[in-house]
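Chains, contacts and geometry: an overview
The lines below spell out each chain.
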Amino acid sequence: SYSVANMTIHRPFWQRTMTLRMWTKGMKKSLVRVTKPKKDKGNATLTKNDKMWMFSPKTNRIIKIPSSMMNQGWMGSDFSNNDVAKADSLLKHYTHTLNGTEIHDGQTVYIIKAVPFDDAPVVWGKEVLKIRADHIILEHAFFDQDGVLVKKMVTREIKKMGGKHIARVQRMQKAEKPKKWTEIVVKEAQFKLNVPDRTFTQSNLRNPRE
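Everything numeric in this text was worked out from a predicted model, so none of it was measured. (Residues numbered from 1 in each chain as written. Predicted model: local features only at pLDDT ≥ 70, side-chain atom pairs only at ≥ 80, totals over all residues. Heavy atoms only, no water.)

1. Quick look at the packing of aromatic side chains
- Inspection of the entire model under this criterion finds two aromatic pairs.
- Here the aromatic rings of Tyr 2 and Trp 23 are separated by 5.4 Å at their centres, their planes lie at 50 degrees, and the arrangement is tilted. Placement of the pair is Tyr 2 in strand 1 (residues 2-11) and Trp 23 in strand 2 (residues 14-25), with a sequence separation of 21 residues. Across the pair, exposure class does not vary: Tyr 2 and Trp 23 are buried alike.
- Centroid distance Trp 124 to Phe 142: 5.2 Å. Interplanar angle 50 degrees. Geometry classified as tilted. (Phe/Tyr/Trp six-rings, centres within 6.5 Å; stacked < 30°, edge-to-face > 60°. Helix = DSSP H or I, 4+ residues; strand = E, 2+ residues; numbered from the N terminus. Buried < 20%, exposed > 50% of the residue type's maximum accessible area, 1.4 Å probe, protein only.)

2. Here we look at the side chain of His 140
- Inspection of the secondary structure assignment puts His 140 in strand 10 (residues 137-143).
- The residues contacting His 140, other than those within four sequence positions of it, are Glu 127, Val 128, Leu 129, Lys 151, Lys 152 and Met 153. (Contact = heavy atoms within 4.5 Å.)

3. Brief notes about the pattern of salt bridges
- What the rule picks out here adds up to 15 salt bridges.
- A salt bridge links Asp 50 to Lys 28, with the nearest nitrogen and oxygen atoms 3.9 Å apart. Here Lys 28 lies in the loop between strand 2 and strand 3 (29-36) and Asp 50 lies in the loop between strand 4 (44-48) and strand 5 (51-56), a separation of 22 residues in the sequence.
- Here Glu 183 and Arg 171 are joined by a salt bridge, their closest N and O atoms 3.0 Å apart. Pair noted here: Glu 183 is in strand 13 (residues 177-190) and Arg 171 is in strand 12 (residues 164-174), with a separation of twelve residues, a long-range link. There is no split in this pair, since Glu 183 and Arg 171 are both buried.
- A single network of salt bridges, built from pairs that share partners, joins Arg 11, Asp 78 and Lys 174. (Salt bridge = Lys/Arg side-chain N within 4 Å of Asp/Glu carboxyl O.)

This is how it looks when you write it as structure tokens:
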């Protein structure tokens, strides 16, 4: 896939918006590059096989993100590096229970509780998701080991783009700090593209060829 989105980081006394270009291939490879504003232009993130690298044109360095930093904010947002890098973590490291169903815009919504295996490399005590029958995630709530809600991602708008319905607007918000949130708004989306493997290399991370 290829998409363009605006990511707004909102705080009580300020907010800033970045424009992102994003490429993905399956659930294991993604590249995100900042195009605006000027001071952030060129900052980029590469994820491949659950590993993450970041590039900053100011230092002209590629840094591999260690596991100890995976729960820190991605590009200063309320999304963590883990949220971006490990798209299939929920499938590999959790057991799942169907807690019920509801209806949204005429579609069945499945409420799923996901509890990590004892030896899973995750920090959450559980995650609870509301997923429509067409695979759109309406809500994704993250709870700590004591069962306390830490943060929640909510889909605020669904729209048909690139031939399919997608979550066009999503907001991640900390439970204890409701005035702090990050919202991603998709402006353009294309799917079923033949994105070459060279897109997802450290060479391309540093020297874009797109």
